[in-house]
Amino acid sequence: MNLSCFSTRSGGGGGGRDENNRGGYRGVGTGGGGRGSGGRGGNNNNNNRPLGNDNNNPNTTLTDMLRRMKPLSNQAKGGGRGGNSSTYRKSGFRGPSSAVSIFHGDYKDDEDDYDEDTGIGGEEPFPEHDAEHEWKKVRGMDIKEEVDEDEENKERNAMLAELTDAMHEQKLVWKERSQPVVRYQELDNRGRAYGRGGRKTASARVWIFPGEGNVTVNRADFVDYFTRESHREMILSPLVATKSAGLFDVVCQVEGGGLTGKAGAIRHGLARALEKFNPEFRTPMKLLGMMTRDSRKVERKKYGLKKARKATQW
């Protein structure tokens, strides 16, 4: 299909065919009623030559083709179908329905003329190069950086090995500490077990040895020394807990504190002495809290106060 340029002619009123605009688009004229002139007709003007014939003309340039393909923006100003009212109809290039041939290019590669034997003509299609070196160059690495990285890896591995060994040794220590402590019988030259106890400000030294169950406190019978039943029960409670009452004779030396403090100190020392004599006695006494030193004592008086906490009214 041949396309021509837009005609610059505009007809009078009453539309019709323009013989000088053959093969062009329909234009819109200016005039009275009806569509303006512009129609189908012949055109022998060279300026309106169809585009299809320009491909065969060797003198035709691409600039001429584009200039002729440029649409006319203010071309047709025609009257309406009635009256003098004017309407605007923009005409533009809609493009050819068939493909427009383009100039042939030179698709010949330089490597076609390359001679592998002589190395002359064109360029080598695939030049030889060290791919690994190029990759390192792209990544910004060189041989020195690679050596440094290997040294860093060695140092890191050495540190990791040291940490692993230290953790293994620590686990062995934890395992040893988690095992129950092995306790042995501790007796003096006379076959006695010794224990030292304390309660409040009192301190007691206790010796036990196999006997008939006699308890002596400061060279006196404990019944005479402690008149209260609660104090006597407190002193004999370790023997009752270990079910060893009447099997040991107890000798005590106590000083400091009052009767309650002395009784508590004797009980604490007696429990420790029983543990030294037989380590198996530790479990029942530990459950009853007899092996623990009671740290409670009277709080000291502060200056400015009547007692440890009591203050004057204000």
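Definitions and limits used
All chains use their own residue numbering, which begins from 1 and follows the written sequence. Since the coordinates come from a predicted model, pLDDT governs what is reported: local features require at least 70, and pairs of side-chain atoms require 80 or more to be given and counted, while whole-chain, interface and lining totals use all residues. The side-chain values count all of the structure's non-hydrogen atoms but skip hydrogen atoms and water molecules. Aromatic contacts are taken between Phe, Tyr and Trp rings whose centres are within 6.5 Å, Trp giving its six-membered ring; a plane angle under 30 degrees counts as stacked, one over 60 as edge-to-face, and the others as tilted. The secondary structure listing takes helices from DSSP runs of H or I that are at least 4 residues long and strands from runs of E that are at least 2 residues long, numbered from the N terminus. Here the term buried applies to any residue with accessible area under 20% of the maximum for its type, exposed to any over 50%, and partly exposed to those in between, with areas from a 1.4 Å probe on protein chains only. The rule for pairing is simple: two strands pair if DSSP sees at least two bridges between them. Think of a salt bridge as a Lys or Arg side-chain nitrogen and an Asp or Glu carboxyl oxygen that are within 4 Å of each other. When checking whether two residues touch, look at their non-hydrogen atoms; a contact exists if any pair is within 4.5 Å. Structural elements are reduced to axes, namely lines fitted to C-alpha atoms, with helices fitted over the stretch in contact, and the angle between N-to-C directions of any two is expressed from 0 to 180 degrees. The pLDDT score gives, residue by residue, the confidence of the prediction method on a 0 to 100 scale. Reported orientations rely on four angle classes, namely roughly parallel under 35 degrees, roughly antiparallel over 145, roughly perpendicular from 65 to 115, and oblique for the rest. Each residue gets one label: Ala, Val, Leu, Ile, Met, Phe, Trp, Tyr, Cys and Pro are nonpolar, Asp, Glu, Lys and Arg are charged, and the others, such as Gly, are polar.

The next thing to look at is the packing of aromatic side chains. A complete count under the given rule lists three aromatic pairs for this structure. Plain terms: the ring middles of Tyr194 and Trp207 are 5.3 Å apart, the flat faces sit at 45° to each other, and that makes the pair tilted. Linking Tyr194 in strand E3 (residues 193-199) with Trp207 in strand E4 (residues 202-210), this pair joins segments that are 13 residues apart in sequence. Assessed through its relative accessible area of 32%, Tyr194 is described here as partly exposed. Summarising the aromatic geometry, the rings of Tyr225 and Phe226 are spaced 5.1 Å apart at their centres and angled 65° between planes, so their arrangement reads as edge-to-face.

Let us now look at the pairing of E3. Most of E3 sits inside the fold, with five of its seven residues counted as buried. Summarising the sheet, E3 and E4 pair through seven bridges and their orientation is antiparallel. Within E4, the residue paired with Gly198 across the bridge is Ser203. Here E3 folds back onto E4, and the loop between the two strands holds two residues, one of which, Lys200, carries a positive phi near 55°.

For the structure on display, the rule yields nine salt bridges. Between Glu275 and Arg183 there is a salt bridge, with its nearest N and O atoms 3.5 Å apart. One end of the pair, Glu275, is in helix H6 (residues 259-277); the other, Arg183, is in the loop between helix H3 (143-178) and E3, and 92 residues separate them in sequence. Glu186 is the salt-bridge partner of Lys276, the closest N and O atoms lying 3.8 Å from each other. Of this pair, Lys276 sits in helix H6 while Glu186 sits in the loop between H3 and E3; the two residues are 90 residues apart in sequence, bridging distant segments of the chain. Within this structure, Arg183, Glu275 and Arg282 form a network of salt bridges that share partners.

Looking now at the sheet that holds E4. Strand order in the open sheet made by the five strands is E3-E4-E7-E5-E6, with mixed pairing throughout. Among the strands making up the open sheet, the edge pair consists of E3 and strand E6 (220-221). Most of the contacts of H6 go to E3, to which it runs at about 150°, and overall it touches E3, E4, strand E5 (215-217) and strand E7 (248-255).

Relative to E7, E4 runs antiparallel, the two being bridged by eight bridges. Among the inter-strand pairings, Ala204 is bridged to a residue of E7, identified as Val254. Relative to E7, E5 is paired through three bridges, and the arrangement is parallel. Bridge assignment links Val215 to a residue of E7, and that residue is Val250.

On average, residues of the protein chain score 73 in pLDDT, and 54% of them are at 70 or above. A low-confidence stretch, residues 1-54 (pLDDT under 50), is modelled with 117 contacts involving residues beyond four sequence positions or located in other chains. This stretch, residues 72-91, has a pLDDT under 50; its non-local contacts, to residues over four places away or in other chains, come to 40 contacts.

With that settled, the discussion passes to the packing of helix H5 (residues 229-241) against H6. Direction vectors running N to C along H5 and H6 enclose 10°, while the axes themselves pass 8 Å from each other. As summarised for this structure, H5 and H6 are arranged roughly parallel, according to the angle between their axes. On H6, the residues touching His231, Met234, Ile235, Ser237, Pro238 and Leu239 of H5 are Leu259, Thr260, Ala263, Gly264, Ile266, Arg267, Leu270, Ala271 and Leu274. Of the residues contributing to the contact of H5 with H6, the split by class is 10 nonpolar, four polar and one charged.

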